[in-house]
Amino acid sequence: MYLDKIAAAHGVQGRLVGKLESMGPCSSVKDRLGRSLIDDAEERGLIKPGKTTLVEPTSGNTGIALAFIARERGYKCILTMPETMSVERRMMLLALGAEVVLTPKETAVSGAVAKAEEILAQLGENGHMLQQFKNPANPKVHRETTGPEIWRDTDGKVDVFVSGVGTGGTVTGVSQFIKGSSEFGCEPKNPNLFTVAVEPQEQMLLTAAKGGDKIGEQGPHKIQGMGAGIVPDVIDLDVIDEIMPIHSDEAMEMTSKLWLDEGLPVGVSSGAIVAAACKIMSRDEMKGKLAVVVIPSFGERYFTHPMFNPTKVKAEELTKVPLPPPFDNREYGFETERG
């Protein structure tokens, strides 16, 4: 989907096109990952339906994908996640039959990982952790699916790729496919692809890992699905040309614009990614270039996020109105026939 209104409002020199990963069966980019992790474990004989309990730390969407596949294939699923994750995500997981364990927000994903490891130890040989932050099956699925789709759907004309980083699988796999990777047998298609990784400004671990300086106060942020509090093992920092930090407030502002200007229901991570893309693509050297922007998930999953509080209040304050003749509005709780 072309984001032309957003682009025009932010001085974008080229064009922005959003890859709507919200169109997956569970409405996020993590649907690919969930299936890839379970397929890989089954192929290697590490898990068995009806016997194995899958345990995984998650910020939500990976957990939803795993719960979906686990339910279909006959696995019990226990998911640990920071308490900051939305109620909608928790409800999705519970509705899919998963067990949800919340961990302190101050420890971000690292706390969820520690709790998952404790549960795994208690389960012994009947438990298995898929390790989304470490598992090579993570970037693999993006080399095999997401990258080829982007290359095909842009007719090979993509110049810039902008992705948020949760596990780092998407930005790594797509870039390896398009830029080329001898390690994984990917012939170069556009070795000059400019890859941008987006992280919360309040948690600039990737920037620091690449030798950059952190900006402002570091700590908890409000961009669900990004900034896991660790530098994931699966991410290949060498394929990333620039890391763009976006503050939570800026991400929420752009999210609102995507809803109202483009009519695109998205979550806050999408807002962060598009905000970063606008900054990159407003540079003079980007004139005439095409940027593909990952839209990771569908917005309806985030209505309990703080940015939607005013909308929630407005919705709750709505009241019914009287009907025109021949309806007698006294039957519907009004004082007079006409209301």
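Everything here concerns the structure above.
**Student:** Please clarify how the pattern of salt bridges should be interpreted in this entry.
**Tutor:** Pairing of side chains with opposite charge becomes possible as their charged atoms draw close. A full pass over the atoms with the stated rule returns 20 salt bridges. One salt bridge in this structure joins Glu-72 and Arg-73, with 3.5 Å as the shortest N-O distance. Judged by its relative accessible area of 58%, Glu-72 falls in the exposed class. Under the relative-accessibility criterion, Arg-73 is labelled partly exposed at 22%. Of the charged contacts in the structure, one is a salt bridge between Lys-279 and Glu-250, with a shortest N-O distance of 3.1 Å. With Lys-279 in helix α10 (residues 268-281) and Glu-250 in helix α9 (residues 248-261), the pair connects residues that are 29 residues apart, well separated along the chain. In this structure Lys-279 comes out as partly exposed when scored by relative accessible area, which is 35%.

**Student:** Looking at this structure, I do not really get the pairing of strand β8 (residues 242-246). What am I missing?
**Tutor:** Counting buried positions over the 5 residues of β8 gives 5, a clear majority of the element. Here β8 shows two buried faces, one formed by Glu-242, Met-244 and Ile-246 and the other by Ile-243 and Pro-245. With 5 bridges joining them, strand β7 (residues 194-200) and β8 adopt parallel strand pairing. When the sheet's bridge partners are listed, Val-198 is paired in β8 with Met-244.

**Student:** Explanation requested: the nonpolar core in the structure shown.
**Tutor:** Note on soluble globular proteins: their nonpolar side chains tend to be buried together. Membership of the largest hydrophobic core comes to 36 residues, with the highest contact counts inside it found for Leu-16, Val-160, Val-162, Val-198, Ile-246 and Val-274. Of all the secondary-structure elements, those providing two or more residues to this core are α1 (4-9), β6 (160-164), β7, β8, α9, α10 and β9 (290-295). If you tally residues by element for this core, the top one is α10, at 10 residues. Filtering out sequence-adjacent residues up to four positions away, Val-198 remains in contact with Val-162, Ser-163, Gly-164, Val-165, Met-226, Met-244, Ile-246, Ala-272, Ile-273 and Ala-276. Formed by 21 residues, the second largest nonpolar core is a distinct cluster that contains Cys-77, Leu-79, Met-85 and Leu-93.

**Student:** So what exactly am I meant to see when it comes to the sheet that holds β7 here?
**Tutor:** Each strand in a sheet pairs with another by means of backbone hydrogen bonds, the pair being arranged parallel or else antiparallel. What the 5 strands build is an open sheet, ordered β1-β9-β6-β7-β8; its pairing is parallel. In this open sheet, the two edge strands, each paired with only one partner strand, are β1 (15-20) and β8. Between one strand axis and the next, the sheet turns through 25° on average, direction left out of account. Strands β6, β7 and β9 of the sheet are contacted by helix α7 (residues 169-179), whose axis makes an angle of about 160° with β6.

**Student:** Would you mind showing me how to read helix α5 (residues 108-123) here?
**Tutor:** Helix length check: α5, at 16 residues, gives a terminal C-alpha distance of 24 Å against a target of 22 Å (1.5 Å per residue), a fit within 8%. Among all positions of α5, only Ala-108, Val-109, Gly-111, Ala-112, Val-113, Ala-116 and Ile-119 are buried. Where the residues of α5 are buried, they touch β2 (53-57), β3 (76-82), β4 (99-103) and β5 (127-129). Immediately downstream of α5, the backbone of Gly-124 shows phi near 65°, a positive value.

**Student:** Is there a simple way to think about the pairing of β4 in this case?
**Tutor:** Every regular strand shows the same layout, with side chains that alternate between the two sheet faces. Examined bridge by bridge, β3 and β4 share 5 bridges and lie parallel to one another. Paired with Met-81 across the strands is Leu-102, a residue of β4. Regarding the hand of the β-α-β motif, the stretch spanning β3, helix α4 (residues 87-95) and β4 is right-handed.

Conventions used here
- Residues numbered from 1 in each chain as written.
- Predicted model: local features only at pLDDT ≥ 70, side-chain atom pairs only at ≥ 80, totals over all residues.
- Heavy atoms only, no water.
- Salt bridge = Lys/Arg side-chain N within 4 Å of Asp/Glu carboxyl O.
- Buried < 20%, exposed > 50% of the residue type's maximum accessible area, 1.4 Å probe, protein only.
- Helix = DSSP H or I, 4+ residues; strand = E, 2+ residues; numbered from the N terminus.
- Pairing = 2+ DSSP bridges.
- Core = buried A, V, L, I, M, F, W, Y, C linked by side-chain atoms within 4.5 Å.
- Contact = heavy atoms within 4.5 Å.
- Axes fitted to C-alpha atoms, helices over the stretch in contact; angles between N-to-C directions.
- Expected span 1.5 Å × (residues − 1).
- Right-handed = clockwise from strand over helix to strand, strands pointing away.

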